[in-house]
Each structure stands twice: as C-alpha cells, then as structure tokens.
Amino acid sequence: MNISGILIKRSIFFSFLLLFIIYSAHIYTFNAASPGNISKNPDAQKGKQLFQEYNCASCHQLYGLGGYMGPDLTNVVSNPSKGEKYAYAVIRSGTQKMPNFNLSDAEANCLVAYLKEVDRTGFSPVPAFTVHLNGDVNYDQ
Amino acid sequence: MNTLIKYFIGISLVALLGGVLFGCFSAFQFLYPAFFSSVPFFKTRPLHVSSVVGWIFLASAGSIYYFIGQENKTSSFSVSLTRLHLFMFISGGFIILISYLFGYFGGREYWEFNPIFSLMILCTWLFFLLNFFHAIKGSDRPWPVYYWMWCTGVVFFMITFIEANLWMVPYFGDHIIRDLTVQWKAYGALVGSWNMLVYGIAIYLLTKIKNDPSIAKSKLAFAMYFLGFFNLLFGWAHHIYVVPCPKYIRVISYAVSMTELLILFKLIWSARPTIQEGRNQKNNLVYNFLFSSDIWVLLNLFLALLISIPAINVYTHGTHITVAHAMGSTIGINTFILLASVCYITLKNQVPENPLRVSAIKKGVRGLNISLGVFWVCLIGAGVKKGMHTGDPSVLHQAILEEISPFLLGFALAGTGILASLLAISLPLLRSLLKQLRHG
C-alpha cells in the first residue's frame, strides 16, 4: 500500500518535471527573429547594460514590470508628447524626482538607442484591447 | 548545532527589522523624494527587498535545520556545512547591502545586486541543498508532505535562480522579449519555491501543535501540494500577459492559475473549523501566527486569482495592486508563518528563569494584522485609481501619482505601524534568543 502510494507520488512529480522541461525548452526558443533582438546593435546593448547598472528598473517600468515612481518607458521615444530628445534631456540632467546620474553624452545616446529597440517590440500600457467572455483579452496592437 | 540555528533565527529577525525599516524609508521617499536624500529611493528599495528576502531564507533554513534535527533525533546535518552556509550567506548578504550603498547594481528585479554576487548565493544554496539531502537520506518512509515541499523548494530554488541569471548569456540577454519572458518565468517559480519551504514549515508546525502526524500524510495534503507544485511550474505568466510573447503562454498560465480555485474552495470549506480551532488555541502563541496567516492566504489567493484573469489583469498590471499581492503575501503569509516557526523554536528552548514575554508578542500580532490590513487596502485603492485610466494615454504619469498620493500616504503610515508591530514581536524573541545563547 505504502509502496504504491510512493510510486504514484513519484510518477506525478516526475511527469510534472518532464512537462516543465519541455515547456521551458519551448519558451527558451520562441520567436528568435522578432523585434527586440539587439545582438547587432552595440549601442542598444550598452544601453541595456547601463539601464541595469544604474538600477533604472527600481523607478521605471518596461511593459509594466519594474518600479512605480517614474513613468513606464516602453514607448517613451515614440510618444508624441515626449520623444527621443525629451528622453535624452531627462537622462542627461535628471528631474525633480530623478537624480542626475552625470551620464556622458555617449552613455545617454546608448540608453536612448536601447529605449528605441524596446519601443519597436510593442506597446505598454496597452492602448486598446478587446475583452472576451471567457476572461481572455485581445491586445489590439 | 542548536547554537548555529539560533544564529540563523536571530540574524533573520535583524534582517526582517532592517528590511522593514528600509521599506518605510522608501515608502516616504516615494512621496517625498527629498526625504533621507543621502540614501535615495533607488538604493533604499533594493536594500528593503534584499533584506526581506534574506529574512525569508535565513528563517526558513534555520527552521528546517531545527525541525529535521528534531524529527530524526540525531545530529543528521553536517555542522561544518551548516556553519559554512551561515557564514557565506551572512557575509554575502552584508557585501550585497554595502554594494547598494555604493551604487553598485545589477539592476534586475528582486536581485538588484551585481551578478557577481549571484555566485555567492548559489554556493550558499548548494551547501544548504547538500546538507538537506544528507540529513533526510535515512529518514523514515513514506515522507510526510512537508519533506516533499522542502525538497521541491530547495531544488527548484536552485533551478530557477540559475534560470533568473540566464540573461548573462547573450542568447537570452540580447533579446528584449525573450529576456523579459524568461526573467519572469524564473521569478514566478522562484517565489513558488520559497513558498514551498514556508508552507512546509506551516504544515510541520500544525502537526506538532495538534499532535497529529496524519495531517502531513493525508491524501488531501498531497493533493494540495501537487496543485501548488503544478502552479509553481506553469502558473507564472500573469506577470507578462502584456508582453508580446506567444499567446499560448498566457492561455496556459490562465488555465493553470484557475486550478487554484480548488485551494480557495478548500479554504472556504474549512473556514468554520479553522475559526473554531483559532478560538480553542487562542492562548497558543504559535497558533496565533498561523491563524493570521490563514486569513491572509484567503485574501491574497482571492486577489491572485483575480489578477490571473487576463480581462482583469489588463487593468491591474503595472499598478499598486501587484504590490498589494506581493507584499500582502510576503508579510501576511510568509512572515506570519516564519514568525510562528521562530516562536516555536524560541519557546522550546527558552531559559526558565527568563521566560518569553508572550503578552507583548500577542499585542504585536494584533498590531501587525491591523497595520497590514490598512497597508493592503491602501495599495489596492491606489491600484484601482490607476487602473481606471487604463487605455487612456492622455493621462500623465505625474497626474496619476498626485491622484493616488492619499492612498500612498496611508500605505507609508501603515508601513510604520508594521515596523512598530514587528518590533513588539521581534525584540522579546531576540532577547530570549540572546539569553539562550549566553546559557549555551
């Protein structure tokens, strides 16, 4: 009785584990050629590195993920009321709430290059969407 | 061995108090950025998060070392490995906190330290994993459910922590969407892993309080464990519904998350007996904490289920409702359960001439529940206000911040109440632990 119980538990555990491995492999390999690939854009790569080194995510979000103090930066460079120059100026000099990190001209340009790559991938916050009765949503992007 | 465990527990309480203090600073800095400007918000936030994560790891590891030692009635752990685990974790944690003060970041959510320190965390966890499996190798079979949960938590933390660091490989890090997807896949499972450690501790404590080992061996306990494990593996994507990754990720996560309704029904079904048990055990300090955690499990599970529905998530994502869920679970569930465990261990080992001051702790529990209630409601209020502007790009971020500032002030003040309550709980425990250490 005990042995069969242990076998059942182990079978469930390892079945879940196998499914997890297959699912993880799928997620690791999806959509490799879509926008968002910055491997051929060294400025954007440097910008991403700076974004992390200055802990920008503690205050800013990308796709709604990150801090809440500053605005979501996913589409800041294509926002008609902001744009690349605005982003560059804020990065260089800070604001009342955002400290001036004394970034160089080149570093600020790399951060903008990164934000331009982020902008190409999609929209956040979602501008329009359709809600289905089953609780799912179509993001009309 | 017991001395080492007391160090784990004592230092974990210091990490908790430090973490909540940093949290209070960052809550006020969010409203008034000039407040305590020598350590700005982008430094206090990681100080807060890492200290609280340190509390969860140290208290969980210390409790598990203690409980397995009690179960096996032998010194089944390697003392030198345990010592190495403690030393590496504390020295690593201390270096990480100092690195934040010097502005030396890795900039990833939860793990905001430079990735070089990830190796240290990985090493400490490896010591814990080796020690844990060495200790339970010869234990009686079939294992109670908490052994399964601890095994799952220990192993999957290792797996998901490595996964969370995959961004350092260019294949992952150089693709913005893949990076975000894998990052939040790892984080969802990672939180699930430490929840396994903590929930396992809760079940262990219940079996001891009620003196009923069958609680941890019942079919229902295992059904709930496998349901939790299933959600740990596949139910993480509510974080990234809006990220443009394949739709099947959202659909799978939505379906898997809804299986948690079974846990919600089970909690509602057992609410009456739980309340009755709460009345019977009202003088039991450990049960006081566990009873509070039961209430917070119910509330946070309900919130988690709501935000896992894409049609609701689209309004709540990126708002303070997500913070309510994260902090509500960390304080209301993890912290209450771990404090129950700390009390259990401290009471078991207390020095008779200096008994633990139980009444102060009970007042602290009441204060913590009230403060957390206000804190949680304020965060939800702020989230609802912001969510009402979903789909309206004309509203500026600054305008939303001004609109939600009364809620954030309530949140910051309630945070101070949480700190005061935790002081009322932790100081008698720390005092008792120090006396125990002095008495050897």
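The structure we're discussing is the one just above.
Everything quoted here is computed from the prediction, not taken from an experiment.

1. Quick look at the overall build of chain A
Working step 1: Across its full length, chain A carries four helices and four strands.
Working step 2: Each helix and strand of chain A, ordered N terminal to C terminal, gives the series α-α-β-β-α-α-β-β.
Working step 3: On C-alpha atoms alone, chain A measures out to a radius of gyration of 21 Å, which is more than a quarter above the 14 Å that the 2.2 N^0.38 rule sets for 141 residues.
Working step 4: Its C-alpha atoms give chain A principal-axis dimensions of about 70 × 35 × 30 Å.
Working step 5: The buried share among the 141 residues of chain A stands at 45%.
Working step 6: Entry remark: accessible area of chain A is about 7300 Å², with carbon and sulfur atoms responsible for 61%.

2. Some points on empty space enclosed by the protein
Working step 1: Tallying each qualifying case throughout the model produces five cavities of 30 Å³ or more.
Working step 2: Considering only enclosed or pocket space, the largest cavity measures out at about 230 Å³ in volume.
Working step 3: Lining the largest cavity are 18 residues, and of these Phe51 and Leu62 of chain A together with Arg108, Leu180 and Gln183 of chain B lie nearest its centre.
Working step 4: For the lining of the largest cavity, the elements supplying multiple residues, two or more each, are α2 (42-53), β1 (61-62) and β2 (65-66) of chain A together with α7 (176-209) of chain B.
Working step 5: The element contributing the most residues to the lining of the largest cavity is α7 of chain B, with five residues.

3. Considerations on the environment of Met120 of chain B
Residues and elements named next belong to chain B.
Working step 1: For Met120, the position within the fold is in helix α4 (residues 118-136).
Working step 2: Between the alpha carbons of Met120 and Ile307 there is a distance of 34 Å; along the sequence they are 187 residues apart.
Working step 3: Setting aside residues no more than four positions away along its own chain, Met120 makes contact with Met88, Ser91, Gly92 and Ile95.

4. Describing the pattern of salt bridges
Note that side chains of opposite charge can pair when their charged atoms are close.
All names here are of chain B.
Working step 1: Inspection of the entire model under this criterion finds twelve salt bridges over all chains.
Working step 2: In this structure, the salt-bridge partner of Glu109 is Arg45, at a minimum N-O distance of 3.1 Å. Here Glu109 is found in the loop between α3 (79-101) and α4, whereas its partner Arg45 is found in helix α2 (residues 41-72), with 64 residues between them in sequence. Here Glu109 matches Arg45 in class, with each residue buried.
Working step 3: With a shortest N-O distance of 3.8 Å, Glu403 and Lys385 are connected by a salt bridge.

5. Focus on the packing of α4 of chain B against helix α5 (residues 145-164) of chain B
Residues and elements named next belong to chain B.
Working step 1: At a closest axis distance of 10 Å, the pairing of α4 and α5 adopts a crossing angle of 155°. What the angle tells us is that α4 and α5 run roughly antiparallel. For the pair α4 and α5, the crossing hand works out as left-handed. Contacts between α4 and α5 involve Ser118, Ile121, Leu122, Trp125, Leu126, Phe128, Leu129, Phe132, Phe133 and Ile136 on the former and, on the latter, Tyr147, Trp150, Cys151, Gly153, Val154, Val155, Phe157, Met158, Phe161 and Ile162.
Working step 2: When its residues are assigned to classes, the contact of α4 with α5 shows 18 nonpolar, two polar and no charged.

6. Considerations on the interface of chain B and chain A
Working step 1: Each side of the interface is counted separately: chain B has 77 residues, and chain A has 61 residues.
Working step 2: Both faces considered, chain B and chain A share a buried interface measuring about 6000 Å² in area, 66% of it formed by carbon and sulfur atoms.
Working step 3: Its largest share of buried area at the contact with chain A, chain B owes to Phe42, Asp174 and Ile176 of chain B, together 11% of the area lost on that side.
Working step 4: Counting across the chain B and chain A interface gives three salt bridges.

7. Some details on a nonpolar patch on the surface
Residues and elements named next belong to chain B.
Working step 1: Residues Phe94, Ile98, Leu101, Phe102, Tyr104 and Ile116 make up a contiguous nonpolar surface patch of about 670 Å² in total accessible area.
Working step 2: Relative to the helices and strands, Leu101 is located in helix α3.
Working step 3: Residue class for Leu101 comes out partly exposed when judged on its relative accessible area of 39%.

8. Here we look at unusual backbone geometry
The bulk of non-glycine residues show a negative phi, and the bulk of peptide bonds are trans.
Working step 1: That bond from Ser124 of chain A to Pro125 of chain A is cis: its omega, -5°, falls within 30 degrees of zero.
Working step 2: Secondary-structure assignment places Pro125 of chain A in the loop between α4 (105-121) and β3 (129-131).
Working step 3: You will see that Phe36 of chain B, though not glycine, has its phi angle at about 50°, which is positive.
Working step 4: Taking the relative accessible area as the measure of exposure, Phe36 of chain B reaches 35% and is therefore partly exposed.
Working step 5: The phi dihedral of Asn211 of chain B falls on the positive side, at around 50°, and the residue is not glycine.
Working step 6: Counting through the fold element by element, Asn211 of chain B comes out in the loop between α7 and α8 (219-234).
Working step 7: Residue classification places Asn211 of chain B among the exposed residues on the basis of a relative accessible area of 67%.

9. Quick word on the side chain of His325 of chain B
Residues and elements named next belong to chain B.
Working step 1: Residue placement: His325 occurs in helix α14 (residues 320-348).
Working step 2: With relative accessibility at 18%, the residue His325 sits in the buried group.
Working step 3: Setting aside its immediate chain neighbours within four residues, His325 contacts Asn300, Leu303, Ala304 and Ile307.

10. Side note on the packing of helix α12 (residues 285-307) of chain B against helix α15 (residues 358-387) of chain B
What describes two packed helices is the angle between their axes and the distance between those same axes.
Residue and element names in this part refer to chain B.
Working step 1: Where α12 meets α15, the axes come as close as 10 Å, and the angle between the chain directions of the two elements is 10°. In terms of axis orientation, α12 runs roughly parallel to α15. On α15, the residues that touch Leu285, Asn288, Phe289, Ser292, Trp296, Leu299, Asn300 and Leu303 of α12 are Val358, Ile361, Lys362, Val365, Asn369, Leu372, Gly373, Trp376 and Ile380.
Working step 2: Residues belonging to the contact of α12 with α15 are distributed by class as follows: eleven nonpolar, five polar and one charged.

11. Notes on the packing of aromatic side chains
Working step 1: According to the stated counting rule, one finds 61 aromatic pairs over all chains in the structure shown.
Working step 2: Look at Phe129 of chain A and Tyr315 of chain B: their rings are 5.5 Å apart centre to centre, the planes differ by 85°, and that puts the pair in the edge-to-face class. Of the two residues, Phe129 of chain A is situated in strand β3 and Tyr315 of chain B in helix α13 (residues 310-316); the pairing between them involves two chains.
Working step 3: The ring of Phe222 of chain B carries Lys9 of chain A above its face, with NZ or CZ at 3.9 Å from the centroid.
Working step 4: Taking the ring centre of Tyr171 of chain B as reference, the NZ or CZ of Arg178 of chain B above it sits at 4.0 Å.

What counts, and where the lines are drawn
Residues numbered from 1 in each chain as written. Chains lettered and ligands numbered in written order. Predicted model: local features only at pLDDT ≥ 70, side-chain atom pairs only at ≥ 80, totals over all residues. Heavy atoms only, no water. Helix = DSSP H or I, 4+ residues; strand = E, 2+ residues; numbered from the N terminus. Rg over C-alpha atoms; globule rule 2.2 N^0.38 Å. Buried < 20%, exposed > 50% of the residue type's maximum accessible area, 1.4 Å probe, protein only. Areas by Shrake-Rupley, 256 points an atom, 1.4 Å probe, with all protein chains shown as cover. 1 Å grid on protein atoms, 1.4 Å probe; cavity = no way out; pocket = protein on both sides within 12 Å on 5 of 7 lines; lining within 4 Å. Points joined across faces, edges and corners; volume = space filled by probe spheres on them. Contact = heavy atoms within 4.5 Å. Salt bridge = Lys/Arg side-chain N within 4 Å of Asp/Glu carboxyl O. Axes fitted to C-alpha atoms, helices over the stretch in contact; angles between N-to-C directions. Parallel < 35°, antiparallel > 145°, perpendicular 65-115°, else oblique. Left-handed = near helix turned anticlockwise from the far one by under 90°. Nonpolar A, V, L, I, M, F, W, Y, C, P; charged D, E, K, R; others polar. Buried area = accessible area lost by both parts, 1.4 Å probe. Patch = residues over 30% accessible without salt bridge, like charges linked within 9 Å, V, L, I, M, F, W, Y side chains within 5 Å. Phe/Tyr/Trp six-rings, centres within 6.5 Å; stacked < 30°, edge-to-face > 60°. Lys NZ or Arg CZ within 6 Å of the ring centre and 35° of its normal.

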